[in-house]
Each structure stands twice: as C-alpha cells, then as structure tokens.
Amino acid sequence: MLEVKNMWKSFNKGSEFQIEVFKNFNISFEGGISTAIVGPNGCGKSTLLNLISGSLPMDSGSIRLNGNEISSLPEEKRAIYLGRVHQNPSLGVSPNLTILENLALANKKGESFKLRKLVKKDNIPSFVELLKSLDLGLEDKLHTQVKFLSGGQRQSLSLLMATMKNPDLLLLDEHTAALDPKTSFVVMEKTKELLEKNQITTVMISHNINDALKYSQRIIMMDKGQIVLDKPSKDVSEKELLDIYTAKLVEKITA
Amino acid sequence: MKKNLGKKVLLIVLLVSLLSGCASDEAPSEKSFVIGINQLAEHPALDDARLGFEDALKEANITVEFVYQNAQGDIPTSLSIAQKFARDKVDLIYAIATHAAQSSKQATKEIPILFSAVTDPVIAELVASTENPGGNITGTSDATPMKAQLETFKKIDPSITKIGILFNTSEVNSEIQVNQAKNLAGELGLEIIEMGVSNINDIPQALDSLIKDIDGFYAITDNMIASAVAIVADKLNNAGIVSVGAEGSFVEGGLLVSDGISYYDLGKQTAQMAIDILVNGKAPSEIPSQSAQETKAVFNQETLDKLGLDVNNEVFKGAEAVGN
Amino acid sequence: MGTLILTSLEQGLIFSVLAMGVIMTYKILDMADLSVEGTFPLGAFVFAKFVIGGLSPLLATGLAFIFGSMAGLITALLFVKLKIRPLLSGILTMTMLYSFNLRLNGKANIPLFKYTSIYGEIQAIIILAFIIITIKLLIDAFLKTEVGYLLIATGDNESLVKSLGKNTNSYKILGLMLSNGLVAMSGALMAQYQGFVDITMGSSIIVIALASIIIGDTVRRNSNKIKLTTRAILGAVSYRLIGGFAIDLGLSPTDLKAVSAIIVIVFISYNNFSKPFLTTVKKKGGKSDARSKKYVEEF
C-alpha cells in the first residue's frame with residue numbers, strides 16, 4: 001500500500017528553465033493491485049516512479065509505504081522494500097556475472113553482506129526452480145555470463161531478481177519497451193504470472209495501451225503532472241484511451 | 001603440419017642462437033677479460049665515463065671484451081643487467097651511476113665491481129669508507145671540488161653573497177651536494193638559497209622566483225638541471241647573474257665558468273683501478289675509492305662578454321674558452 | 001637462458017602483486033587509478049623506515065600494505081566525498097605522496113644492504129612464489145564472498161548494487177584501499193629485492209601494470225574460466241620475460257624501450273583483432289617459442 005501526499009517537484013528550480021512537474025500531487029496504490037500508468041511523453045509518469053524509488057528527490061511531500069514514511073530514506077535504503085525493472089535490460093543485472101551469481105546476489109537483497117561465500121550449493125535447486133518458471137531454458141545456463149543473454153532473457157532475469165524477495169512494491173518502468181513483440185509478450189505473461197502468484201503491489205508504466213489494459217487492474221492516465229483518468233481497467237476500452245490521447249495531441253498542436 | 005612445425009621450431013632455435021651468438025664473445029686466443037658495463041642511462045656525462053674507461057684499457061694493450069648494457073633509467077632493468085653479468089661470471093662489472101652501482105652490489109658479492117659517476121659512495125653504502133671499501137666494490141666518485149668552485153664567486157666579485165642553487169628533489173646526489181654547499185658556505189662568507197623542483201617544467205618559474213633573491217648561481221651536477229641548462233643560462237645571463245658550474249658541460253650550455261671534473265678523465269682514472277684488479281690481482285677492498293684527480297677549467301666567452309666581466313680576472317686565466 | 005628466466009620470473013612475480021592490485025581498480029571498478037605511481041614507492045619507503053627502525057622485514061612489508069591502503073583511502077575520499085573525478089583524485093594523491101615519501105626518511109635514496117630481507121639467504125623465487133600464491137588465493141577467495149561480489153557488481157552495474165540496498169561508495173573505497181595496499185606491498189617486495197629504495201621507483205609503474213594486465217588478457221581472451229588474478233600473474237611474468245629476452249639477446253640499449261612499446265602494441269592489436277594465433281601456436285610449440293618467434297619477426 002503506497003500513499004503519495006502533497007508532492008511538489010520542479011526541475012531547474014530558480015532558473016529560467018524551471019519546469020513544475022508536480023504541484024500538490026496525491027496518489028495512492030492499494031496493496032496487491034497492479035496499476036498501469038499511461039500518458040504522453042513529459043506527463044510525469046517516469047518522474048513519478050523516480051520520486052517513489054528515490055532516484056530523484058522531492059521538493060516536498062510525503063511518501064508512505066505500508067504506513068512507513070520513506071521519503072527521507074536514500075535510494076538504496078528504499079530499494080530494500082522495492083523491486084524495480086528498468087526499460088534497459090542491462091540495468092537490472094550484472095552483465096559480467098553469471099545467472100547463478102546474479103540470482104545469488106538478488107537473493108541477499110536487503111540483508112547484510114559479509115565475508116562468506118556468496119554462491120551456496122544448497123540454494124541452487126531453488127534457483128533452478130525459479131528459472132524453470134520462466135520457461136526460457138535459463139536453468140541450463142546457470143554458468144553463462146549474463147552479457148551473453150538476449151534482451152528478453154536478461155529482462156526476464158531482471159524480473160525474477162526484482163521479485164525474488166517479495167518486495168512491498170514493484171515498479172515496472174516500460175520494462176518491455178526495448179523488446180520485440182514476441183519477447184515482449186512472453187515477458188508480460190511472466191510478469192502477470194508472478195504478480196498473481198505473489199500478490200505484489202505493482203505500478204507499471206507503459207506506452208502500449210493494449211498491454212496496459214490487459215495486464216493491470218487499474219488504469220491511470222496522466223498529463224502534465226495531473227491525473228486525467230483513473231478507472232478500473234475492465235471499465236475502460238482502448239478506444240476511450242486513444243480518444244483522450246488524440247484530443248490532447250490536437251490541443252497541443254492548436255495551442 | 002607436423003613437418004612444418006618441426007622446421008619452424010628449428011628455424012627459431014637457429015635464429016635465436018645466432019642472435020645470442022652476436023652478443024657473446026668469440027673464443028679468445030689469449031688471456032682476455034670480459035667486462036660487463038652496466039650504465040644507468042644515456043647521458044653525456046655517463047657516456048663519457050664509459051668512453052674514458054674503454055679508451056684507457058685499449059691504450060693499455062689489454063685484451064678486453066666489453067659487454068655494454070644500458071638500463072634506460074629503469075632500476076629493475078639495471079638489476080637484471082647486473083644479475084646477468086653475475087651469472088655469466090664476467091671478470092669485472094663497471095657500473096656507471098649510483099643506481100647501477102647499487103643494483104650491481106645487490107647482484108653479486110664475488111665479482112669485482114667498479115663504479116663511476118657516483119657522488120657519495122659512502123652515503124650510497126657502496127663502500128664502508130673511502131679508505132677501506134670492504135667488500136667487492138670500489139670506484140671513482142664525481143664529487144666536485146666544491147670549496148674551490150664556491151670560492152670562484154668572490155674572486156669574480158667580492159660583493160656576491162647570496163648563491164642560488166636549483167636542484168631536482170628526486171636525485172639523491174643533488175641533496176648531498178646542496179647540503180655540502182650549505183656546510184661550506186658559512187666560512188666562505190656566502191649564503192646558499194636553495195630551490196627544489198620535481199619536474200623539468202617547473203624550472204622556468206622556480207628560476208624566476210630564485211633570481212630575485214640571489215646575486216650568484218651555482219649549478220651542481222644534477223641531471224635535470226643539466227638537461228635544462230639552456231634555459232637556466234638564458235635567464236641567469238639576462239638577469240646579469242654570475243654563474244659557476246660544477247662541471248664543463250654547463251659552461252658549454254651557457255653558464256659563465258667551471259673548474260670541474262671531466263667524466264672522460266674520471267673514466268680513465270677508473271680504468272687504472274680495473275687494471276689493478278684484473279692484471280695485478282688486487283681485490284677491490286684493497287683499493288680506496290677515489291675522487292677526480294684533475295680538474296678542467298673552462299669559461300664561456302659570450303657569457304663573459306654579456307655580463308661585462310674582465311677576462312683578465314685570475315679565474316679565467318688558464319681556462320679554455322668555449323662558445324655557446 | 002636459465003639465468004634470464006629466473007631473474008625475469010622473480011621480477012615478474014614481484015610485479016604481479018602490482019598487477020593484482022591494479023586489477024581491482026582498472027578491471028573490477030573500471031577506473032584508472034594513478035595513485036599507484038605514488039603508492040608503489042610509498043611501500044618501499046615505508047618498508048625502509050621500519051626495517052631500519054628495527055622491525056622484521058615481514059612486519060615491515062605488512063606495514064607497507066597498510067600504509068598503501070591508507071593512501072588508497074585518501075584517493076577514495078577525494079573521489080567519493082569531495083566528488084573529484086577519479087583520474088584527478090589519483091593524480092592528487094600521487095603528488096602528495098611524492099613529498100610524503102621524501103619526508104619519511106629525509107632522503108631520496110636509501111640503501112638497504114645492511115638489513116635482512118624477507119628472502120633471507122634462499123633464492124628469492126621460492127619465497128616469492130609462496131607469497132604470490134598466498135596473495136592470489138586470498139584474493140580469489142575474497143572475490144567469491146558476498147562482499148567481493150558486491151565489489152565486482154559496483155564496477156559492473158552500480159544501479160544493481162543500489163537495488164540490493166547497498167551504497168556503492170563503500171565498495172569503491174574498499175576497492176581503492178585493497179588495490180593500493182597491494183601496490184605498496186609490491187613496492188616493498190621490490191625494495192628488498194633490489195637492495196635499496198629510490199624515489200624514482202614509481203615512474204612508469206602504471207605502464208608496467210597496464211602492460212601486464214593487457215598481456216594477461218590475451219590468454220584465451222574470451223574464456224571467463226581463467227581468473228583475473230591468474231591473468232595478472234601471467235601477464236606480469238610474461239612482460240618481464242620478454243624484456244629479459246631482450247637483454248639476454250644483447251639488444252642494442254636504445255632498442256629496449258622501443259621493444260617494450262612494440263610488445264604492448266602487438267598484444268593490444270591481438271586483443272582487438274580476433275586471431276587465435278597465440279592459442280594455436282601455444283598448442284604446438286609452447287609459450288617461449290611463440291614469444292621468440294614474435295621477437296625475431298620484429299627484427
């Protein structure tokens with residue numbers, strides 16, 4: 001359960017290029033529900049994700065995760081409660097390490113790292129099970145360096161790593177945007193499986209309206225730092241969303 | 001494939017042995033000696049020390065084969081060279097410059113070693129003392145007759161009191177000389193103003209700063225200052241400052257006067273010690289280390305004219321005039 | 001030939017500690033750390049100070065490691081806390097160390113002939129082999145620990161480390177400290193080997209380190225089965241072996257420097273253009289044959 005209250009954020013404060021992205025912004029996400037956020041470029045959806053994760057600092061406001069205020073925590077401290085998959089498949093993994101080593105690292109998320117051996121033989125069977133669930137044959141490539149995997153394989157692995165320790169909140173930042181349609185489909189299906197199985201609260205940004213509607217329970221459309229639509233996904237049609245998009249576009253052109 | 005491989009390997013082995021053959025000596029027909037020369041770097045002074053040594057031995061009609069190696073300023077390389085000479089069991093190692101001498105000492109306790117172009121062999125712990133070297137190493141030091149050189153200033157102009165010395169902080173031999181100068185200064189009525197630099201690029205600025213406070217300049221034997229002598233001389237002469245060099249190459253570079261050692265002669269002097277060891281069978285421990293027996297006086301005509309000095313001054317009598 | 005190999009091996013082993021140190025920053029953390037030009041002589045000067053002060057060579061060498069890691073800490077703090085770029089931070093530390101090294105004993109050159117070394121009276125290679133193997137095993141084990149992996153991940157992908165809940169700064173500091181500790185130790189080992197310490201010991205040390213690493217990289221380039229430490233040792237030893245060959249062949253002194261440059265160029269080109277030259281020749285005639293062939297070709 002994530003609550004964002006009275007959030008203010010501007011870029012280039014004080015200069016002539018100042019942009020006010022969020023003015024007294026409020027939003028909350030119910031536990032166990034997956035929410036898709038769509039909107040034109042510059043509407044603030046990525047910024048919102050970055051403000052929640054701590055990559056960007058807020059000017060003022062409050063962010064509460066399951067009742068705990070996390071806005072004062074630095075990015076790495078918040079990361080313990082969050083899972084995040086980026087658009088770039090290489091950002092969520094360590095390319096020069098093997099699949100096994102990556103999983104072993106992700107397995108220790110939020111724990112203390114000491115001078116003990118990282119890869120423990122006892123953990124391998126459970127890792128193999130996890131990889132099998134992806135149906136990509138990655139369980140046979142435990143000792144392959146991640147840099148040799150395809151984008152889709154890396155992204156699937158990132159997804160696994162982000163959700164392995166049951167985060168309180170999962171942030172999906174256009175995580176299939178860099179993948180071809182087939183791989184994108186595979187990853188989205190896997191995402192859906194994982195979310196349903198573990199009931200993870202999810203916020204997903206997508207440019208693909210179809211995917212947004214299909215894989216979420218709640219859909220939000222943003223524009224210029226404001227929410228212009230907030231409905232359960234089943235109550236919204238693709239056409240309706242497209243219409244709003246086009247209207248906004250016309251507005252922009254004629255403005 | 002295998003046949004080709006065999007041929008290739010044979011070819012390689014042949015070529016390698018041919019080339020090594022080029023470096024090693026041919027079968028000697030009479031009693032001849034092998035001297036390994038371990039020179040630290042390419043540098044006029046060090047080259048002269050080598051040439052003097054070689055020429056003197058040739059003149060003495062001794063059959064010597066010289067194996068000359070230059071470490072290009074790299075200490076580990078000078079160590080490798082010394083170790084190679086040691087295991088090749090050369091008859092004598094001639095080490096030119098302090099690091100080469102120290103490396104050679106480290107490499108062997110049996111083979112006799114002669115050093116040259118070392119400012120202070122005692123501080124470098126090459127010898128226990130000049131009279132009793134103790135051990136297998138002795139040689140010649142390029143320590144300059146500094147007192148006589150410093151006296152030159154007052155002889156040219158009694159009003160000179162502040163002497164500037166520029167030196168490379170990385171060269172231990174320079175440290176030694178600066179301290180020596182400071183020790184001698186008092187009794188000569190002089191004050192030493194020192195300025196250390198760690199990089200040749202710092203010299204122009206350091207010199208500008210120094211020139212303001214001095215009326216005389218003493219150039220110690222310092223490799224970095226020697227490389228920069230042109231600019232040093234230029235600035236000094238433009239400022240009208242009397243300069244004395246510890247050795248002749250400074251004067252060729254533009255400084256006023258020097259009555260110092262010749263590295264060529266030093267090399268020849270060292271060759272005499274070599275003859276003592278190789279022919280007369282003396283041990284290095286029996287031969288005290290020496291400093292230069294002769295000095296050579298030179299002055300720069302152009303600089304003398306520029307500074308408006310009198311060539312009839314006793315300092316320039318008997319000195320050879322060199323041009324820029 | 002035996003002479004040459006032994007000497008080159010000994011120097012190669014000493015420099016492999018240097019290479020193993022530089023691997024921490026250059027390969028793992030992906031940063032160029034120039035402090036090593038100051039930390040290598042630092043190790044030597046620290047060793048001299050303590051051994052002259054009466055400590056055992058073993059202890060003095062250990063202290064060299066500690067002082068070296070302190071220097072690494074300075075570079076790290078300049079970089080992490082003051083946000084000075086890594087390259088510049090390294091240069092600043094190296095510059096400060098120059099004066100520090102001179103002040104430590106008050107002299108630029110310190111003979112150590114009177115003092116015992118860690119090698120004692122035994123042939124140095126035995127002690128060196130033991131030391132290097134110990135260091136290698138320790139580093140290998142460390143890189144398999146949780147902390148070790150985080151260090152690797154920090155150089156590989158900082159966001160991953162953050163997503164695991166860890167601050168990358170701590171690991172950069174750790175990497176720089178370990179790296180410079182090892183480099184200083186290498187300096188101490190060299191000081192004992194050559195019998196004296198000199199302020200010029202650090203110049204061109206980065207070339208030796210990088211050349212060793214580059215050469216080490218050529219061995220079965222694409223295999224990730226060969227550990228970084230193994231590559232460092234192989235590279236450092238090969239580099240000295242090739243240089244030793246040059247001396248033994250009686251190459252003209254002026255050619256020595258050009259040859260070193262050629263070696264590095266040849267190996268970098270080999271790395272850049274995939275030709276399984278070295279591997280196939282390795283199967284046929286052995287490493288030294290391969291090297292001499294290249295040598296002769298150079299001529």
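Source: prediction; values computed, not measured.

Glancing now at the domain arrangement of chain B. All names here are of chain B. Split into domains, chain B comes out as domain 1 (33-142 + 264-291) and domain 2 (146-261 + 295-322). In this structure, domain 1 and domain 2 have C-alpha centres spaced 29 Å apart. Counting from both sides, the interface comprises nine residues of domain 1 and, opposite them, seven residues of domain 2.

Below, the discussion takes up the arrangement of the chains. The assembly contains two pairs of chains in contact; the pair sharing the most contacts is chains B and C. The least C-alpha distance between chain A and chain B, which are not in contact, is 35 Å.

Moving on to the pairing of strand S7 (residues 169-173) of chain A. Residue and element names in this part refer to chain A. The buried count for S7 comes to five of five residues, which makes it a mostly enclosed element. Side chains Leu169, Leu171 and Asp173 of S7 all project onto a buried face; the interleaved residues Leu170 and Leu172 project onto the opposite face, where all are buried too. Two elements, strand S6 (residues 82-85) and S7, share four bridges in a ladder whose sense is parallel. Bridging across to S7, Val85 finds its partner in Leu172.

Looking now at the sheet that holds S6(A). The strands that make up a sheet are held in pairs by hydrogen bonds between backbone atoms, and each pair lies either parallel or antiparallel. All names here are of chain A. Read from one edge to the other, the open sheet built from six strands follows the order S6-S7-S8-S3-S9-S10, with strand pairing classed as mixed. Of all strands in the sheet, those with a lone pairing partner are S6 and strand S10 (226-232), marking the two edges. Averaged over all pairs of adjacent strands, the angle between strand axes in this sheet comes to 15 degrees, irrespective of strand direction. Relative to strand S8 (residues 202-205), S7 runs parallel, the two being bridged by four bridges. Across the sheet, residue Asp173 finds its bridge partner in S8, namely Ile205. Helix H1 (residues 45-53) contacts strand S3 (34-38), S6, S7, S8 and strand S9 (218-223) of the sheet and is inclined by roughly 145 degrees relative to S7. Against the sheet, helix H5 (residues 151-163) engages S6 and S7, with an angle of about 175 degrees to S6.

As a further point, take the packing of helix H2 (residues 36-52) of chain C against helix H3 (residues 57-80) of chain C. Residue and element names in this part refer to chain C. Viewed as axis vectors pointing N to C, H2 and H3 meet at an angle of 140 degrees, and their least axial separation amounts to 8 Å. With respect to each other, H2 and H3 are oriented oblique. Handedness of the crossing formed by H2 with H3: right-handed. From H2, Gly38, Thr39, Leu42, Gly43, Val46, Phe47, Phe50 and Val51 reach across to H3, where they touch Pro57, Leu59, Ala60, Thr61, Leu63, Ala64, Phe67, Gly68 and Ala71. Tallied by class, residues from the contact of H2 with H3 come to twelve nonpolar, five polar and no charged.

Definitions and limits used
- Residues numbered from 1 in each chain as written.
- Chains lettered and ligands numbered in written order.
- Predicted model: local features only at pLDDT ≥ 70, side-chain atom pairs only at ≥ 80, totals over all residues.
- Domains from an automatic or database assignment.
- Contact = placed C-beta atoms within 7 Å.
- Buried ≥ 20, exposed ≤ 12 C-beta atoms within 10 Å, placed from the backbone.
- Helix = DSSP H or I, 4+ residues; strand = E, 2+ residues; numbered from the N terminus.
- Pairing = 2+ DSSP bridges.
- Axes fitted to C-alpha atoms, helices over the stretch in contact; angles between N-to-C directions.
- Parallel < 35°, antiparallel > 145°, perpendicular 65-115°, else oblique.
- Left-handed = near helix turned anticlockwise from the far one by under 90°.
- Nonpolar A, V, L, I, M, F, W, Y, C, P; charged D, E, K, R; others polar.

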